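# Observations on the three-dimensional arrangement
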Amino acid sequence: MAFREIIGQEKAISILKGCIMKNRIPHAMLFAGDEGIGKRLTALNFAKALNCRGTGGGDLFSAGTKEGGAAADAGDIDACDRCPSCTKTDRASHPDVFIIRPEGDGGQITVSAIRQLEESLSYKPFEGRWKVAIIDNADRLNQSASNAFLQTLEEPAPRSILILITSRPDVMLATIRSRCQRINFTPLPVDLMQELLKERLEKSDSDKSTLLSVLSGGRLGHALDENLIAQRDRSFEIFRRMLGRVEEDAWDDRDEIEMV
Ligand SMILES: [Zn+2]
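Residues numbered from 1 in each chain as written. Predicted model: local features only at pLDDT ≥ 70, side-chain atom pairs only at ≥ 80, totals over all residues.

## A word on the overall build of the chain
The helix and strand inventory of the chain stands at 11 helices and five strands. In the chain, which comprises 260 residues, the share counted as buried stands at 36%. (Helix = DSSP H or I, 4+ residues; strand = E, 2+ residues; numbered from the N terminus. Buried ≥ 20, exposed ≤ 12 C-beta atoms within 10 Å, placed from the backbone.)

Written out as structure tokens, the structure reads:
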């Protein structure tokens, strides 16, 4: 996958491409927005584009111009999705790309994970131009991890980029937020979602794509990854039971319930 295949986040992606084109990459970025709208995919593909060895990768845009002197165009920037760097990033085996997630019963990002990350970032990139650390669900940094992470932000390792991902930026420490360049991700409009879902659903089903567009609140990843219609049906069942109307004929038309 590459930037060109990410749907509905053109604004965020154009900012990121601009950074690569100008070779001015912020040390720390905060990707903020609802769950399921493409923040992780964008972060991963940013890492790919930065280190890509192919025709559209960051390797060729290091001084704002392409190799050979032609003017760089942000539209040209993207991962090739084929070179060793791109394929390793996809397989989570690139030695310069790190992904930190909440772990354990408490679902938190711990101080030891941050210390380990700091250690990894302290070395020069092994094969890429950049070391990229993606901190997923960054709002789950616990207290001591947050303090340790502040130090990471204040003393950036050379040629390293931190990407924090969150759907709840407001619960993060203000001191962490203020040290990151924020990029907002927004849900897709329902009519655009409907169009895109129609294209992607195996059997184009207009009613189903309309329903999914509304149920997923403009979050394409959410609409495609989860069986929202089944989830809705389960909710109806619970609703029926709550009302003590479990007879099969209690509600002949489910759409009728939707209007309740
Ligand atoms: Zn590549």
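## Quick word on helix H4 (residues 111-121)
Ala113, Ile114, Leu117 and Leu121 are the residues of H4 that are buried. Here the buried residues of H4 occupy an arc of 95 degrees about the axis, which is enough to place them on one side. Set apart from the buried face of H4 by more than 90 degrees, the exposed residues are Ser112 and Glu119. If you follow the buried residues of H4, they end up packed against strand S2 (97-100), strand S3 (131-135), helix H5 (143-154) and strand S4 (160-166). (Arc of directions from axis to C-beta. Contact = placed C-beta atoms within 7 Å.)

## Points about the packing of H4 against H5
One way to put it is that H4 packs onto H5 with a least axis distance of 8 Å and a crossing angle of 20 degrees. With respect to H5, the element H4 is oriented roughly parallel. Considering the relative orientation of H4 and H5, their crossing is left-handed. Contacts between H4 and H5 involve Val111, Ala113, Ile114, Arg115 and Glu118 from the former and Ser144, Ala145, Ala148, Phe149 and Thr152 from the latter. (Axes fitted to C-alpha atoms, helices over the stretch in contact; angles between N-to-C directions. Parallel < 35°, antiparallel > 145°, perpendicular 65-115°, else oblique. Left-handed = near helix turned anticlockwise from the far one by under 90°.)

## Some remarks on helix H1 (residues 10-22)
Taking 1.5 Å of rise per residue, 13 residues should cover 18 Å, and H1 covers 18 Å from first to last C-alpha, within 8% of that figure. When we look at burial in H1, the residues that qualify are Ala12, Ile13, Leu16, Lys17, Cys19, Ile20 and Met21. Tucked inside the fold, the buried residues of H1 contact helix H2 (39-51) and strand S5 (181-184). Directly beyond the C-terminal end of H1, a positive phi value near 55 degrees is found at asparagine 23. (Expected span 1.5 Å × (residues − 1).)

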